[in-house]
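Here's the letter readout for the chains.
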Amino acid sequence: MSINSNAYNAGIMQKTGKAFADEYFAEENQVVHESDTVVLVLKKSDELNTVVEEILLGSHKDQNSTLVVEDRAGFWWLKATGKIEIDCVEVSELLGKHYSVYDLLVDVSSTIGRAYTLGETFTITSELMGLDVKLKDFETA
Amino acid sequence: MAISTATKAATDALAVNRAPVSVGAQEVHRWMQSFTWDFDKNRTKYSTKYKMANDTKEQFKLIAKEYARMESVKDERQFGSLQDVLTRVDAANRVHPKWNESMKVISNFLEVGEYNAIAATGMLWDSATAPEQKNGYLGQVLDEIRHTNQCGYINYYFAKQGQDAAGHNDARRTRAIGPLWKGMKRVFSDGFISGDAVECSINLQLVGEACFTNPLIVAVTEWASANGDEMTPTVFLSIETDELRHMANGYQTVVSIANDEAASKYLNTDLNNAFWTQQKYFTPVLGMMFEYGSHFKVEPWVKTWNRWVYEDWGGIWIGRLGKYGVESPASLRDAKKDAYWAHHDLFLIAYALWPTGFFRLTLPTAEEAEWYEANYPGWYDMYGKVYEEWRARGCEDPDSGFLPLQWFIENNHPIYIDRVSQVPFCPSYCKGASTLRVLEFNGKKHSFSDPWGERMWLSEPERYECQNIFEQYEGRELSEVIAEGHGLRSDGKTLISQPHTNKNGRLWTLDDIKKIGCVFSDPLKAL
C-alpha cells in the first residue's frame with residue numbers, strides 16, 4: 001500500500017535498523033533539501049477537533065489532496081504541500097458562536113512555514129512572506 | 001501653553017487618521033500602524049553588525065487587547081484541566097516512574113530557557129527599528145514570562161501531587177555540581193542573550209524555537225502521553241501556542257536583514273554557529289531523556305530528529321531561504337551523526353556521574369536493549385555489554401561499593417568537558433561526532449570535542465571561561481562535594497539522584513558514597 005509523501009512516517013521514516021541508517025547517512029542527505037510543504041500542529045480542543053473533522057477533513061477535503069492529518073495523542077499533526085488556510089467566519093457558523101482568528105490561535109501549537117493572519121483567515125504557506133510576497137495590511141470595506 | 005513636538009505629531013496624526021468606529025482587532029491594528037512611529041534613528045544599547053530594516057511586519061497583527069484575551073483563555077484551559085480533572089483522577093501518580101524523572105530535567109531546564117528568553121526578546125525590542133517588529137518582540141517578552149511561570153507550575157504540580165518530589169521541587173540548588181547544568185546555561189542563556197543582537201535572535205528564534213521547540217515541546221508530549229503523563233501535554237502544548245509567533249519573529253528578523261550587505265558576509269556563519277550551539281546540547285540531552293527516561297517508546301529519537309530538525313526545519317525554513325543565499329549548515333553532517341549516537345554516549349556518562357545529578361536514572365532492561373539494537377545496529381557491542389557489566393557489579397545497590405565512574409577510570413577512558421558547549425564527552429569511548437582537541441590560552445588548557453565549537457572559541461576565547469566540575473572540584477572527595485552542592489534530600493543524608501527507580505530498592509546515602517573514596521581529578525592536568 002502506498003503512503004502519502006506528506007505522512008508522519010513517510011519515506012525514510014518507514015525504514016528501520018540498517019536500512020534507515022544507510023539512507024540517513026547517505027551522502028546526498030548530508031545537506032538540507034528545499035521543501036514546499038508546511039506543517040501545522042493543533043492542540044486538541046472542542047473547537048479545533050471540529051475544525052479538523054468537519055472542515056479540513058470534511059467540507060474542504062477535496063480542496064487539497066496533499067493534506068495529511070494525523071492524531072498524535074495530545075495534538076493533531078497536519079502537513080500539506082503549498083498552504084493550509086482556515087477561515088474563522090466559516091468556523092463561527094459551524095460552532096454557532098463568534099469565533100475569531102485570535103480564538104483559533106489559542107490552540108494553534110506550532111507552525112513550520114510562514115503563518116499569518118489577515119482579517120478572520122489564518123494561513124500557513126510555503127511562500128516567503130515579506131521576501132517573495134508582500135504581507136498585506138488589513139483593508140477596511 | 002506650547003505643546004511638545006510629540007504631542008503635536010500625535011494630534012496631527014489623529015486629525016488625519018480618525019480612530020476606527022469598529023473595535024475589530026485587525027482594524028485597530030491597521031489604524032495604529034498609520035501613526036508611522038519613527039524608530040529609524042533608534043539608539044539601542046544592544047548593537048548588531050546588521051542593519052535591520054524599519055518596515056518589517058509582524059505576521060499575526062496582534063493588539064494588546066486580543067493578546068491578553070487570548071492568553072487568559074489559554075491559562076484558563078490549562079489550569080482548569082490541571083486543577084480539576086487531572087487532580088481528581090490522581091494523574092500525577094499514574095506517570096511511569098522513569099518518565100517522572102525525565103520531567104524533572106525537561107521542565108526545570110525549559111524554565112531557565114524561558115526566563116532568559118525574556119531578556120533576549122527585551123533586547124531585540126530595543127534593537128529593532130520597525131514598529132510592527134517591535135510589537136512582535138514585545139508580545140514575545142510577555143509570552144516568555146508566562147512560560148517561565150508555566151514551567152515553574154508544572155514542577156510544583158509534580159512535586160505536590162505526584163511521586164518522588166525531590167528534584168521536581170528544587171533542582172536549581174544542584175546547579176554547581178550537576179554536569180548537565182552548565183551546558184544548559186550555555187545553550188539556554190548565553191546563546192540567547194550575549195553578543196550581537198541579531199545573532200541572539202538566530203540562536204533563540206530561528207534555531208532554538210523554530211527548530212528545537214518542536215521536539216522539546218511538541219514531540220515530548222507524545223512521549224509523555226505514552227508514559228501516562230497527561231499534565232505535560234496540557235501545559236507544553238499551551239506553551240507552544242505562543243512559539244509559532246516567536247518562530248515568525250525569528251523569520252522576520254531574517255527578512256529585516258535580507259537586503260543588508262552584512263547578511264551576505266555573516267549570516268551563514270552566524271546560522272551555522274547557532275545551529276551547532278543549539279544542537280550540541282539539545283540533540284543528545286533530548287534523545288537521552290526520551291529514550292532512556294521512558295518505559296514506553298514512541299519511536300527512535302533519530303527519527304524524531306530527522307522529521308522535525310532535518311526534513312521540516314531544514315527543508316521548510318532553511319531550504320526555502322536558499323535563493324536568498326542561506327546555505328545548509330556546514331555542521332549538519334556532524335549534527336546528524338550526533339542525532340544517531342550522541343544521546344547513547346551521553347547516557348553512558350550521565351549514568352557514570354549519577355551522584356552529581358538531581359534525577360534518578362535507570363539502566364536499560366533486556367527488552368529495551370533489544371529495542372536499541374534493532375533501531376541502532378551496533379548499540380549492544382558499544383553500550384549494552386557495558387551496562388550488563390555495571391549491573392553485574394551491583395551499580396544499583398548501595399552496598400556494592402561500585403560507581404560506574406570507576407569503570408571509565410579502570411579502562412583508561414577519561415571524561416572531558418567541551419569548553420564551549422560544556423557537554424561532557426569521552427573521546428576514547430564514543431560513537432557520536434566527538435574527537436579530543438586541546439588548546440592552551442593564558443596558561444590554561446581547554447578541551448574541545450569538535451571543530452565547530454573550537455572555531456567559536458578561537459574567535460572570542462574570553463567568552464568561554466566557565467570552570468567545569470573537574471576543574472572546580474579537583475582533589476575533592478565526591479561525598480563532600482555532593483553535600484556542599486546541595487545534592488541531598490530533606491533528611492540531609494540521602495542523595496536526590498539515584499541509579500534506579502525501583503520503589504523497593506534502597507536509596508544511596510552520603511555514607512555509601514564516602515566509603516568508595518572517589519576523588520575528582522582534572523583530566524587536562526594529565527596531558
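Residues numbered from 1 in each chain as written. Chains lettered and ligands numbered in written order. Predicted model: local features only at pLDDT ≥ 70, side-chain atom pairs only at ≥ 80, totals over all residues. Heavy atoms only, no water.

J.: Where do I start with the packing of aromatic side chains in this structure?
T.: One pair of aromatic rings is described through two measures. These are the centre distance and the angle between the planes. The final tally for this structure, using the stated rule, is 46 aromatic pairs over all chains. Judged by centre distance (5.2 Å) and plane angle (55°), the ring pair of Phe-25 of chain A and Tyr-340 of chain B falls under tilted. Here the residue Phe-25 of chain A occupies a position in the loop between helix H1 (17–24) and strand S1 (37–43), and Tyr-340 of chain B occupies one in helix H11 (residues 332–352), the pair thus bridging two chains. Take Phe-25 of chain A: its relative accessible area is 32%, and that puts it in the partly exposed class. Note on Tyr-351 of chain B and Trp-390 of chain B: the rings are 5.9 Å apart at their centroids and 20° apart in plane angle, and the pair reads as stacked. With Tyr-351 of chain B in helix H11 and Trp-390 of chain B in helix H13 (residues 379–392), this residue pair connects regions lying 39 residues apart in the sequence. Each member of the pair, Tyr-351 of chain B as well as Trp-390 of chain B, carries the same accessibility label: buried. One Lys or Arg, Lys-134 of chain B, reaches over the ring of Trp-125 of chain B and ends 4.1 Å from the middle of that ring. Directly above the aromatic system of Tyr-310 of chain B lies the positively charged group of Lys-336 of chain B, at a separation of 3.8 Å from the ring centroid. (Phe/Tyr/Trp six-rings, centres within 6.5 Å; stacked < 30°, edge-to-face > 60°. Helix = DSSP H or I, 4+ residues; strand = E, 2+ residues; numbered from the N terminus. Buried < 20%, exposed > 50% of the residue type's maximum accessible area, 1.4 Å probe, protein only. Lys NZ or Arg CZ within 6 Å of the ring centre and 35° of its normal.)

J.: Would you mind showing me how to read the packing of H11 of chain B against H13 of chain B here?
T.: Angle between the axes and distance between the axes are the two parameters that describe a pair of packed helices. Residue and element names in this part refer to chain B. At a closest axis distance of 11 Å, the pairing of H11 and H13 adopts a crossing angle of 15°. Here H11 is positioned roughly parallel relative to H13, judged by the angle of their axes. Here the hand of the crossing between H11 and H13 comes out left-handed. When H11 is examined against H13, the residues Trp-341, His-344, Asp-345, Phe-347, Leu-348, Tyr-351 and Ala-352 are found in contact with a partner set consisting of Trp-379, Tyr-383, Val-386, Tyr-387 and Trp-390. Tallied by class, residues from the contact of H11 with H13 come to ten nonpolar, one polar and one charged. (Axes fitted to C-alpha atoms, helices over the stretch in contact; angles between N-to-C directions. Parallel < 35°, antiparallel > 145°, perpendicular 65-115°, else oblique. Left-handed = near helix turned anticlockwise from the far one by under 90°. Contact = heavy atoms within 4.5 Å. Nonpolar A, V, L, I, M, F, W, Y, C, P; charged D, E, K, R; others polar.)

J.: Any chance you could explain the pattern of salt bridges here in plain terms?
T.: If charged atoms from side chains of opposite charge come close, those side chains can pair. Residue and element names in this part refer to chain B. As enumerated under the stated definition, the model contains 53 salt bridges over all chains in all. Between Glu-71 and Arg-146 there is a salt bridge; the shortest N-O distance is 3.6 Å. With Glu-71 in helix H3 (residues 64–88) and Arg-146 in helix H5 (residues 131–161), this residue pair connects regions lying 75 residues apart in the sequence. On the accessibility criterion, Glu-71 (5% relative accessible area) is buried. According to the relative accessible area criterion, Arg-146 is buried, its value standing at 8%. Notably, a salt bridge pairs Arg-463 with Asp-190, separated by 3.0 Å at the nearest N-O pair. (Salt bridge = Lys/Arg side-chain N within 4 Å of Asp/Glu carboxyl O.)

J.: Can you help me understand the pairing of strand S2 (residues 68–72) of chain A in this one?
T.: Along any regular strand, the residues point their side chains to alternate faces of the sheet. All names here are of chain A. Within S2, four of the five residues are buried, which leaves it mostly tucked inside the rest of the structure. Sheet analysis places S2 next to strand S3 (residues 75–81), joined by five bridges and oriented antiparallel. In the strand pairing of S3, Val-68 is matched with Lys-79. Connecting S2 to the antiparallel partner S3 that follows it, the hairpin turn spans two residues, and Ala-73 within it adopts a positive phi of roughly 70°. (Pairing = 2+ DSSP bridges.)

J.: Is there a simple way to explain the environment of Asn-203 of chain B in this structure?
T.: Residues and elements named next belong to chain B. Structurally, Asn-203 is set in helix H7 (residues 197–226). Contact partners of Asn-203, with chain neighbours within four places excluded, come to Gly-191, Phe-192, Gly-208, Ala-274, Thr-277 and Gln-278. Of note is the side chain of Asn-203, whose polar atom sits 2.8 Å from the side chain of Gln-278. (Polar contact = N/O pair within 3.5 Å; in protein donor to acceptor, adjacent residues only side chain to side chain.)

J.: Honestly, the interface of chain A and chain B in this entry has me stumped. Any pointers?
T.: One frequent convention defines the size of an interface as the accessible area lost when the parts assemble. Counting from both sides, the interface comprises 68 residues of chain A and, opposite them, 65 residues of chain B. For the pair chain A and chain B, the two sides together bury roughly 5,800 Å², of which 57% comes from carbon and sulfur. Looking at the side of chain A facing chain B, the largest losses of area belong to Tyr-24, Val-32 and Tyr-102 of chain A, adding up to 13% of the total buried there. Between chain A and chain B we count nine salt bridges in total. As a salt-bridge pair, Asp-137 of chain A and Lys-57 of chain B come within 2.9 Å of each other at their nearest N and O atoms. At the junction of chain A and chain B, the tally comes to 37 residue pairs in polar contact (both at pLDDT 80 or more). The residue makeup of the side of chain A that touches chain B, split by class, is 30 nonpolar, 21 polar and 17 charged. (Buried area = accessible area lost by both parts, 1.4 Å probe.)

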